[in-house]
Every structure is written in structure tokens, then in C-alpha cells.
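Each chain, written out:
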Amino acid sequence: MTTPEDAASAIDPQGEAETGLWAPPLAAAAPRGLCTDCGISRTADAKRCGAACQFIAPDYPALEAAVHGRARDPDRPDEVHFGPFRRMLRAGLKTPRPGAQWTGIASRLAERLLETGIVDAVLTMAPDPQDRWRPVPVIVTDPARIADCRGMKMGYAPLLALLEPARERGYRRLAIVGIPCQVYALRALEAELGFERLYVIGTPCSDNTTTERFHEFLALLSERPETITYLEFRADYQVELRFEDGSAREIPFLQLPISKLPGDFFPLTCRTCVDYTNVLADVTVGYMGGEGRQWLLVRNERGEELVDLLGEEVALEAPGTGGKRKGSVAGFIKNTERAAGGLPLRSMPDWLRPLVGWLMPRIGPRGLEFARARLEMKASETVLHLRRQAPARMKNMVPDHVWRLVAPYGLEPEPGERRGTEDERPGSGSGSGSGP
Ligand SMILES: Cc1cc2nc3c(=O)[nH]c(=O)nc-3n(C[C@H](O)[C@H](O)[C@H](O)COP(=O)(O)OP(=O)(O)OC[C@H]3O[C@@H](n4cnc5c(N)ncnc54)[C@H](O)[C@@H]3O)c2cc1C
Ligand code: SF4
Ligand code: SF4
């Protein structure tokens, strides 16, 4: 497990030549509207945000075709939900890595790429030495230093601002471990970046917020929030917490103090982003469809190459599925409609919570059905929150697949909310005009 003290030696602003891990000084972010500071606004040509940003006018079908050779196919099972993929797997490293969020597949892939010399450098996040939850973008060249980057940090940080220092150092073959809003911008600009080879290891991401706000949440979960070292929303409807003294605690979702969080706890970006499963990565490493194990979506040939690098280290099997999602998703949408309209969430009586908390892992959606449910919930949040808070964005920001996911629940585009005709595609000059 990486402690903040270990990480202090990890963050070297001077240069990675000696330490194998480097956090270069970065330019300031340019002011933007909907923005998760992926780093592009800090590069020499900050205007590229207009073409690169997931929050302006994303074109998923075009980028899916550019990266994977084809856009997602509604006739293939699960592609509307999860994007294009060749194989989905339930997976785990046979020897889980200490400090990893799950078993450490994401960071082990990066480590293997460096060990084998396939890439010159990896761009990823290390923990801030003063705050283990705060992500700090780093360039790693020594495979042994990838261990310092394991585990989930909460918040977003300018990963793509590292592209220029990496290029200046002469690195030509790179790997990037990133969340979806970072990977979208990376792929949108990939052709002009001029790297010889790029490997993209993606994780799903949802319900992110700033690191500062995340600390408010931790403070509601424990009297000693500074001792919490690990948090995960597991697919069995429990939040798992681990503490510095080695103890652990599980809290059923239903007993979380969600109603105590302020309405703006999650920024609008993270309530409305449209790519939960990181569809433009070569391989997505998550857990949602894994029923307690990890969940891999191998999306293209390069993703296959990555999984092959793990050889016998990884156990792979077909993912399972169970339960029915429709009722849970419909209930979630009702509550989201109330929340988006500023009304209090309709909550269950306290006496019923333990019973429902016990029942949910047993009769609720499981495995792939759980993942599908989460995708549909997220899509409904996108529509309902944007409709309320930034309606002018909808036409350009909400792709077709989101409308497909919410259609079974009666959520239909209202006039002007959907890009319909060819002359309304991004770049045609007929957009909403809501730039960054
Ligand atoms: C905010 C957030 C929300 C997530 N929500 C889901 C979800 O709903 N469903 C799901 O299936 N998976 C989700 N994930 C991914 C999941 O938590 C694991 O990261 C993933 O399953 C990989 O586990 P691992 O053991 O292989 O990772 P590890 O081997 O521990 O490696 C994790 C990698 O992710 C990088 N990383 C950690 N935090 C960040 C960050 N904030 N920004 C960018 N990179 C980061 C690390 O630097 C490291 O390279 C989320 C991740 C984040 C950061
Ligand atoms: S591309 Fe989007 S998320 Fe990235 S810096 Fe620009 S406005 Fe922000
Ligand atoms: S929830 Fe979406 S917008 Fe927010 S950090 Fe994650 S991918 Fe980016």
C-alpha cells in the first residue's frame, strides 16, 4: 500500500531521470465552463478544447470507428450499453497487488508495458504526498514506480498536460491510464499528437467530484476520516471502507448519508458525462460487471495485446448475469427527476432499510445486468440534469446511444434536444454555440 510518505518520494518536480517518476510543473488551466481539467487547456494550443472536449460536441461514432475500426453496433449484445468490444471477461490477478483498487490489473498492464520496453513512458496519477485522495499527474519510466500509482484517487487532474513534457523528453511510445473524459480528448487529438504508438488503459468513471468535496463525504462516514485509506462502491451494493489500522467496514448503499450531501456535491460534468465505460480505451478495466471480481472489456487488437502481456498472471472467465434491472432503474429515474427539480429524495423508512439492504444483493440485478442498470441510471441522469441546468447543451452533448438507453423508461428527446439531421452535426455551424 502506498502511504503518503512513500508518495512524497514519488512526486519529483525536478525530473524523472533519477527517480523514474516525475510530476512536471504545469501551466495554469484556462477558464472553461463544463470542464474537468483534462489538461488540454494547459497545453500550448488551448483552443483545441473546442475540438477535443467531451462536454462540447462529442462524436462518439466517428472516434469509435477511428480507434476500433467500427462504431458500436446496436445489433451486437450489450454494445449500446458498453461500447464496441471484442471480449468481455471477469478477471483478477492471481496475486493481487498491495495498494491496488481491486487486484491491480490496470497498473500491472502499465508496469508490463514498461518492463517489456514496449513503451518509453506511462502517464498516470500518483497520490499527492499531503493527501492520498488527490490525484497528481505523473510520467513514469521505471516499472518499479508504477506501484506508487496504484489505487483510486478521487477527483480529476490534468493528465493530458503531460503530453507535451513527454514529447519534449523524446518519448515516442506512450501508455496512458485514464478516465473517460481524459481519454475522449486524447483520442480526439491523437492523430495530431504525433506519437509513434499509444496504449490506452481506461477505467470506468462515474460520480466523481473534486477531492475537496470528497473529503466532506468521508467526514460523514467516519469520526476519523483522515484514517480512511480505501473506499469502493462494490457491485454487491456495499461500500467498503478500509482504515490505516488495518480494519475494514462495509456500509449498505441504502444506509449511506447521501441525503446529507449538498445538491451540488457532484459537479454537473460528472452528473452528465456520457461515457461511463471508457469506450475509446483499448481495454477498459472496471468491476461493475464482475460480481465481486474485475471486469475487462477488450475493445480492439491493441487491447488483446495488453491482456496477452499478463499471461498466466491473470485468471479470466466469462462474466455472469442475473436478476432484472427494469424496476431498480425506473425507481432511480423517479428519484432523479425529483432531485433534478430540486425536490428532496423520496426515502425509505429507516426500519425497512436493513431488510431491503439484505435483499438487494440477492434479488437485485447482478453481474452484467448490474452494469447495464448502472449505465441506464447514468444515462437518465445525463438527460434529466442537463435538461434542467444546461438545456442548450443537450443537442450537441447527448449522443444517440444515451437516448437509446433511456427510451425504455419513457424518456424521449424534446424538440431541439437531439441532433437529427446531417447539417446539425458538430462543426456544421448550427450548434448551440455553448463553447467551453
Ligand atoms: C472516480 C472513479 C470512479 C470510478 N467508478 C467506477 C464505477 O462506477 N464502476 C467501475 O467498474 N469502475 C469504476 N472505477 C474504476 C475502479 O475504481 C478501478 O480503478 C478499476 O476497476 C481498476 O482497478 P485495479 O485494481 O485494476 O486498479 P489499480 O491497479 O489500482 O490502478 C488504478 C489506476 O487508476 C489510476 N487512477 C486512480 N484514480 C484516478 C483518478 N481519479 N483519475 C485518473 N486515474 C486514476 C491510478 O493512477 C492507476 O493507474 C472508477 C475509478 C475512478 C477513479
Ligand atoms: S478539453 Fe474539455 S475537459 Fe479538457 S480542458 Fe478543455 S474544456 Fe476542460
Ligand atoms: S464522472 Fe465523467 S466527467 Fe466526471 S471525472 Fe468521471 S469521466 Fe470525467
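Residues numbered from 1 in each chain as written. Chains lettered and ligands numbered in written order. Predicted model: local features only at pLDDT ≥ 70, side-chain atom pairs only at ≥ 80, totals over all residues.

Looking now at the confidence of the model for the protein chain. Overall, the prediction assigns the protein chain a mean pLDDT of 89, with 87% of residues at 70 or greater. The low-confidence segment residues 1-10, where pLDDT is below 50, has 24 contacts with residues more than four positions distant or belonging to other chains. With pLDDT under 50 throughout, residues 421-436 is counted as low confidence; its partners more than four residues away or in other chains account for 26 contacts. (pLDDT = per-residue confidence, 0-100. Contact = placed C-beta atoms within 7 Å.)

Below, the discussion takes up the sheet that holds strand S4 (residues 131-140). The nine strands lie next to each other as S1-S4-S3-S5-S6-S10-S11-S2-S12, forming an open sheet whose pairing is mixed. The strands lining the two open edges of the sheet, one partner per strand, are strand S1 (21-22) and strand S12 (314-317). Judged from the five bridges that link them, strand S2 (residues 87-93) and strand S11 (residues 294-298) form a sheet pairing that is antiparallel. Across the sheet, Arg90 pairs through a bridge with Trp295, a residue of S11. (Pairing = 2+ DSSP bridges. Helix = DSSP H or I, 4+ residues; strand = E, 2+ residues; numbered from the N terminus.)

Counting buried residues along strand S3 (residues 121-128), eight of its eight residues qualify, which places the element largely inside the surrounding structure. Here three bridges tie S3 to strand S5 (residues 173-178), and the two strands are oriented parallel to one another. Within the sheet, the bridge partner assigned to Val122 lies in S5 and is Ala175. (Buried ≥ 20, exposed ≤ 12 C-beta atoms within 10 Å, placed from the backbone.)

Moving on, we get to the site of ligand 3. Close to ligand 3 lie Thr36, Tyr156, Ile179, Pro180, Cys181, Cys205, Ser206, Asn208, Thr269, Cys270 and Cys273, which account for all nearby residues. For the shell around ligand 3, the secondary structure elements donating two or more residues are helix H7 (180-193) and helix H9 (268-272). In terms of residue class, the shell around ligand 3 is made up of seven nonpolar, four polar and no charged. (Near = placed C-beta within 6 Å. Nonpolar A, V, L, I, M, F, W, Y, C, P; charged D, E, K, R; others polar.)

Now for the sheet that holds strand S8 (residues 238-243). Paired through backbone hydrogen bonds, the strands of a sheet run either parallel or antiparallel to each other. Read from one edge to the other, the open sheet built from three strands follows the order S7-S8-S9, with strand pairing classed as antiparallel. The open sheet has two edge strands, strand S7 (228-233) and strand S9 (248-252), and neither has a second partner. For this sheet the average axis-to-axis angle between neighbouring strands, irrespective of direction, equals 15°. In this sheet, S9 lies alongside S8 in antiparallel orientation, the contact comprising five bridges. Bridging across to S9, Leu241 finds its partner in Arg249. (Axes fitted to C-alpha atoms, helices over the stretch in contact; angles between N-to-C directions.)

Around ligand 1 there are 31 residues in total, and Ala100, Trp102, Ala106, Ser107 and Gly286 lie nearest to it. The element best represented in the shell around ligand 1 is helix H5 (residues 105-115), accounting for three residues. Its residues assigned to classes, the shell around ligand 1 comprises 16 nonpolar, 13 polar and two charged.

What follows is about the nonpolar core. Residues Val122, Ile201 and Leu296 are the most contacted members of the largest nonpolar core, which totals 101 residues. Those residues in contact with Ile201, other than ones at most four positions away along the chain, are Ala106, Leu109, Ala110, Ala175, Val177, Ala281, Val283, Val285 and Leu306. (Core = buried A, V, L, I, M, F, W, Y, C linked by C-beta atoms within 7 Å.)

Right, let's talk about unusual backbone geometry for a bit. Positive phi, normally seen in glycine, also occurs at Asp37, with a value near 50°. Structurally, Asp37 can be placed in the loop between S1 and helix H2 (49-52). With a phi close to 65°, Tyr237 is a non-glycine residue in the positive phi region. Looking at the secondary structure, you find Tyr237 in the loop between S7 and S8. Look at Tyr237 and you get buried, because 21 C-beta atoms sit within 10 Å.

Right, let's get into the environment of Pro98. Among the structural elements, Pro98 can be located in the loop between S2 and H5. Here the alpha-carbon distance between Pro98 and Gly151, two residues 53 residues apart in the chain, equals 9.1 Å.

Spanning 22 residues, helix H13 (residues 368-389) covers 31 Å between terminal C-alpha atoms, matching the ideal 32 Å at 1.5 Å per step. By the criterion of burial, H13 is predominantly enclosed, with 17 of the 22 residues buried. (Expected span 1.5 Å × (residues − 1).)

Another aspect to go through is H7. Taking 1.5 Å per residue, 14 residues should reach 20 Å; H7 reaches 18 Å between its end C-alpha atoms and fits that length. The sharpest bend along H7 reaches about 35° and sits at Arg187. Tucked inside the fold, the buried residues of H7 contact H2, helix H3 (60-68), S5 and strand S6 (197-202). Looking one or two residues beyond H7, the residue adopting positive phi is Gly194, at roughly 80°. (Bend = angle between axes of the 7 residues up to and from the residue.)

So, about the pairing of S2. Among the seven residues of S2, five are classified as buried, and the element is accordingly described as predominantly covered. Where S2 lies against S12, four bridges are found, and the strand directions are antiparallel. Pairing of Leu93 across the sheet is with Val314, part of S12.

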